[in-house]
Amino acid sequence: MLCPSVSVVIPTYNRPYPLAELLESLSRQTYKPFEVIIVNDGGVPVHDVVALYPELDIRLIDRRDNEGHVAARNIGVKEARNDLIMLCDDDDLVLPCHLERMVTALRDADFAYADAEIVQYRVENDQRVPSARFLFAYEYDLEAMRTFSTYVPSGSVYRKSLHDEIGYFDPTVHHYWDWDFFLRAASVCRVTRVAAATVLYAFSPDGDNVSRHMSDKRRHYLRRLCEKHGLGDLPVKNFWLLLDEPEVAKRRAKSEVIWDGKPIVSRFWMQKKQDGVDKRFWGLL
């Protein structure tokens, strides 16, 4: 049986070190037929990061202006050559078995997403070091997902033909593009949850990824999402408080935990470290 090829779509903006860690994690995948499409959304150059992973089939698309992560994803998906798409944020990671398990799951589905570990990092000399981890694993319940989404977009894999049916990611809901995309996808295709935490989802206590306080702009996008899908008036609460809500807590599920807790060290970081050592040796620092 032929192995289907996958297009991994990564929008990036001013995060070369985390991006390098993601490429390192992709280089370790046990499943090999895939290309990587990086859309640099007006950020710092990442050509030197990409050059360190010649074994990966990478296409780098440089955008002059910063148009936002939703637009960048749309650009990447439209450039994809393969029948399967995998989405990933530039600061998230996937374990070596991830892609193999996701493609296997698609034998009986059109859309697969995995459980995740939410990881908090501290940064030491440009290297992210895990400082806390939390298992994010919930039963798939489409009706319940209309009040609180437990879909982690990073690492999710689906058939590219889905976009022919439902269109692309909607920038008008911005912060909730993934929730919107999931609800639209689930209404027309077979969805499956892979009960293994093969995605490491980066979380910042300062609210870079999951806000501790809902801004007016985020409220605006939530209202727009609710109107679009007829979700009613959803409560605006802190992410962690929502996880303790009885209706959410009862959906917690068992999941295979695989990660050994060690950081993923990229070639980019190793090179920068070596460059620093060499410069100190020659008295240049």
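Residues numbered from 1 in each chain as written. Predicted model: local features only at pLDDT ≥ 70, side-chain atom pairs only at ≥ 80, totals over all residues. Heavy atoms only, no water.

Lay out the overall build of the protein with the relevant residues and their values.
Summing up its helical and strand segments, the protein has 10 helices and 10 strands in all. Taken over C-alpha atoms, the radius of gyration comes to 19 Å for the protein, in line with the 19 Å a tight globule of 285 residues would show. Overall size of the protein, expressed as C-alpha extent along the three principal axes, is 65 × 45 × 40 Å. In the protein, which comprises 285 residues, the share counted as buried stands at 53%. Contacts in the protein between residues at least 24 apart in sequence constitute 77% of all its contacts with a sequence separation of at least 6. Total accessible area on the protein stands at roughly 13800 Å², and carbon and sulfur atoms take up 50% of it. Of the charged side chains in the protein, 38 are positive and 43 negative; the average position of the first set lies 1 Å away from that of the second. (Helix = DSSP H or I, 4+ residues; strand = E, 2+ residues; numbered from the N terminus. Rg over C-alpha atoms; globule rule 2.2 N^0.38 Å. Buried < 20%, exposed > 50% of the residue type's maximum accessible area, 1.4 Å probe, protein only. Contact = heavy atoms within 4.5 Å. Areas by Shrake-Rupley, 256 points an atom, 1.4 Å probe, with all protein chains shown as cover. Lys, Arg positive; Asp, Glu negative; His and termini not counted. Charge placed at Lys NZ, Arg CZ, Asp CG, Glu CD.)

Give a detailed account of the packing of aromatic side chains, specifying residues and quantitative values.
Evaluation of the coordinates by the stated rule reveals 20 aromatic pairs. Note on Phe111 and Tyr158: the rings are 5.6 Å apart at their centroids and 15° apart in plane angle, and the pair reads as stacked. Pair noted here: Phe111 is in strand E6 (residues 111-124) and Tyr158 is in strand E8 (residues 157-159), with a separation of 47 residues, a long-range link. Overall, the relative accessible area of 0% leaves Tyr158 in the buried class. When the centroid spacing of 5.7 Å and the interplanar angle of 90° are considered together, the rings of Tyr113 and Tyr151 count as edge-to-face. (Phe/Tyr/Trp six-rings, centres within 6.5 Å; stacked < 30°, edge-to-face > 60°.)

Which residues make up the pattern of salt bridges, and what values do they have?
Counting across every chain of the model gives 24 salt bridges. Among the salt bridges present, the one from Arg28 reaches Glu24, with a minimum N-O distance of 3.2 Å. For Arg28, a relative accessible area of 38% corresponds to the partly exposed category. Overall, Glu24 belongs to the buried group, its relative accessible area being 9%. Of the charged contacts in the structure, one is a salt bridge between Glu139 and Arg193, with a shortest N-O distance of 3.6 Å. Within this pair, whereas Glu139 is found in the loop between strand E7 (127-136) and E8, its partner Arg193 is found in strand E9 (residues 191-203), the two being separated by 54 residues in sequence. Of the residues examined, Arg193 reaches a relative accessible area of 16% and is grouped as buried. Among the ionic contacts, a cluster of salt bridges with common partners joins Glu24, Arg28, Glu55 and Arg267. (Salt bridge = Lys/Arg side-chain N within 4 Å of Asp/Glu carboxyl O.)

Go over the environment of Ser204, please, and point to the residues and values.
Considering the arrangement of structural elements, one finds Ser204 in the loop between E9 and helix H7 (216-229). Along the chain, Ser204 and Ser215 lie 11 residues apart, while their C-alpha atoms are 16 Å from each other.

Residue-level account of the state of the cysteines, with values.
This model, assessed by the stated rule, comprises zero disulfides. The thiol sulfur of Cys3 is not disulfide-bonded, and the nearest other cysteine sulfur, from Cys97, lies at 16 Å. Left without a disulfide partner, Cys97 is nearest to the cysteine sulfur of Cys88, which lies 14 Å away. (Disulfide = S-S within 2.5 Å.)

Any details on the pairing of E6? Residues and values, ideally.
Most of E6 is tucked away: 10 of the 14 residues are buried. Alignment of E6 against E8, held across two bridges, turns out to be antiparallel. Bridging across to E8, Phe111 finds its partner in Tyr158. Bridging between E6 and E9 involves 10 bridges; their strand directions are parallel. Bridging from a neighbouring strand, Ala114 pairs with Val194 of E9. (Pairing = 2+ DSSP bridges.)

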